[in-house]
Amino acid sequence: TPSIPLSSGTRLGPYELVSPLGAGGMGEVYRARDAKLNRDVAIKVLLPSVAGDPDRLARFSREAQVLASFNHPHIAQIYGLEDATGVTALVMELVEGEDLSQRIARGPLPIDEALPIARQIAEALEAAHDHGIVHRDLKPANIKIRPDGTVKVLDFGLAKAVDPTAGSSATAMNSPTLSIHATEAGIILGTAAYMSPEQARGKAVDKRTDIWALGCVLFEMLTGRRAFPGDDATDMIISVVSKDPDWNALPPAVPAGIRRLLRRSLEKDPKRRLDSAAAVRIEIDEAQSVSPSSASVNADIPPS
């Protein structure tokens, strides 16, 4: 645990903690005030298992540096790392608004709301993949929607950095929050539901694992239910590696092109899966360019 108590008013360098925002697989997140630049930021205080391990902390720092090296409108910006007495914290852009899991909890999204969100996620993935960054932990809780509709994806590339096995074996478990022994069931389940089959089997992953996760997210936006449900992480992983989504759960208004996109994104064999976020973006653009009348004519065509 940190050697200084963390609460409202605690100072970490030029930052003053204002209020807690939540917790995730990497640590606790706070709203904080940047006294130097007079702005609010998000502070992620790293777990002692990360901050206290020199190798993992160095890996985390390298990943953060790469992510901080470029700006993209749909990726939450990394401002820096802050070290204080007993505390290492990641300083990030504070994104106002709810996360996608909160929006989905209110019910399925209409197609004309879901597709623009999915397209922005695809743009974020495309930019990150072009820089050699794979998210590895894409899920609704890591996707923020600002009040103006802008999507921001959080925690790009950082999952690998906190994985204690990441540097030891290409075939080691690649589940970021499972492998750091997260104690909150919601964190574990929230990760297992979006893991690709190769990730669930502990194999090496690449950008195609993010395409799988995006397919899971889009399916959930359209149906209000997870593509691979289960009562616990084991059930979810079994579903991921051996079962298909309930394609009948998709609303009739979902265009045939989006149904094909989902099927191609959720191919269990990564060699048969869509291999780029650009391809996802193009498929969404084509689906959005089709008139509602022609899309509804083809709505009952099953994925192929």
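Treat the numbers as computed from the prediction; the structure is a model and nothing was measured. (Residues numbered from 1 in each chain as written. Predicted model: local features only at pLDDT ≥ 70, side-chain atom pairs only at ≥ 80, totals over all residues. Heavy atoms only, no water.)

A. Geometry of the overall build of the protein chain. Broken down by element type, the protein chain carries 13 helices and nine strands. Counting over 304 residues, the protein chain shows a buried share of 51%. Partitioning the contacts of the protein chain with sequence separation of at least 6, the portion at a separation of at least 24 is 62%. Only carbon and sulfur atoms are counted for the fraction: they give 50% of the accessible area of the protein chain, which is about 13300 Å². (Helix = DSSP H or I, 4+ residues; strand = E, 2+ residues; numbered from the N terminus. Buried < 20%, exposed > 50% of the residue type's maximum accessible area, 1.4 Å probe, protein only. Contact = heavy atoms within 4.5 Å. Areas by Shrake-Rupley, 256 points an atom, 1.4 Å probe, with all protein chains shown as cover.)

B. Expanded view of helix α10 (residues 233-242). When α10 is considered as a whole, its buried residues turn out to be Ala233, Met236, Ser239 and Val240. All buried residues of α10 project into a common sector of 125° when viewed along the axis, lining one side. Measuring from the backbone nitrogen of Thr234 back to the side-chain oxygen at the start of α10 gives 3.2 Å, which picks out Asp232 as the cap. (Arc of directions from axis to C-beta. Polar contact = N/O pair within 3.5 Å; in protein donor to acceptor, adjacent residues only side chain to side chain.)

C. View of the sheet that holds strand β3 (residues 27-34). Spatial strand order, β1-β2-β3-β4-β6-β5: six strands in an open sheet with antiparallel pairing. This sheet does not close on itself; its edge strands, each paired only once, are β1 (11-12) and β5 (78-84). Where strand β4 (residues 39-46) lies against strand β6 (residues 87-93), five bridges are found, and the strand directions are antiparallel. For Ala42, the partnering residue across the bridge sits in β6 and is Met92. (Pairing = 2+ DSSP bridges.)

D. Highlighting the environment of Pro14. Considering the arrangement of structural elements, one finds Pro14 in the loop between β1 and β2 (15-23). Assessed through its relative accessible area of 17%, Pro14 is described here as buried. Distance from Pro14 to Glu82, taken between C-alpha atoms, is 9.2 Å for residues 68 residues apart in sequence.

E. How the structure looks around the pattern of salt bridges. Going through the model one piece at a time under the given rule, you end up with 19 salt bridges. Between Arg225 and Asp246 there is a salt bridge, with its nearest N and O atoms 3.5 Å apart. One end of the pair, Arg225, is in the loop between α9 (207-223) and α10; the other, Asp246, is in the loop between α10 and α11 (256-265), and 21 residues separate them in sequence. A residue is classified by how much of its surface remains accessible, and Arg225, at 44% relative accessible area, is partly exposed. (Salt bridge = Lys/Arg side-chain N within 4 Å of Asp/Glu carboxyl O.)

F. Highlighting the packing of aromatic side chains. Taken as a whole, this structure holds two aromatic pairs when the rule is applied. Here the aromatic rings of Trp212 and Phe228 are separated by 5.1 Å at their centres, their planes lie at 15°, and the arrangement is stacked. Remark: Phe228 occurs in the loop between α9 and α10 and Trp212 occurs in helix α9; sequence separation between them is 16 residues. Taking 6.1 Å as the distance between ring centres and 80° as the angle between the ring planes, the aromatic pair formed by Phe219 and Trp247 counts as edge-to-face. Taken together, the residues Phe219 in helix α9 and Trp247 in the loop between α10 and α11 connect sequence positions 28 residues apart. (Phe/Tyr/Trp six-rings, centres within 6.5 Å; stacked < 30°, edge-to-face > 60°.)

G. Spatial organisation of the packing of α11 against helix α12 (residues 277-289). Two elements in contact, α11 and α12, have axes whose closest approach is 9 Å; the angle formed by their N-to-C orientations is 165°. One element, α11, and the other, α12, form an angle in the roughly antiparallel class. Relative to α12, the crossing made by α11 is left-handed. Contacts between α11 and α12 involve Gly257, Ile258, Leu261, Arg264 and Ser265 on the former and, on the latter, Val280, Glu283, Ile284 and Ala287. (Axes fitted to C-alpha atoms, helices over the stretch in contact; angles between N-to-C directions. Parallel < 35°, antiparallel > 145°, perpendicular 65-115°, else oblique. Left-handed = near helix turned anticlockwise from the far one by under 90°.)

H. Molecular detail of the side chain of Asp210. Inspection of the secondary structure assignment puts Asp210 in helix α9. In this structure Asp210 is buried but unpaired, with Arg136 as the nearest side chain of opposite charge at 7.7 Å. Beyond its immediate chain neighbours, meaning those up to four positions away, Asp210 contacts Leu125, His129, Val134, His135, Arg136 and Leu138. (Lys, Arg positive; Asp, Glu negative; His and termini not counted.)

I. How the structure looks around the pairing of β2. Pairing of β1 with β2 involves two bridges; the strand directions are antiparallel. When the bridges of β2 are listed, Leu12 appears paired with Tyr15. Between β1 and β2, which pair antiparallel and follow one another directly, the connecting turn spans two residues, one of which, Gly13, has a positive phi of 60°. Of the strand pairs in this sheet, β2 and β3 are connected by seven bridges, and their pairing is antiparallel. Note on β3: the bridge partner recorded for Ala23 is Glu28.

Nothing here speaks to function; it is all geometry.
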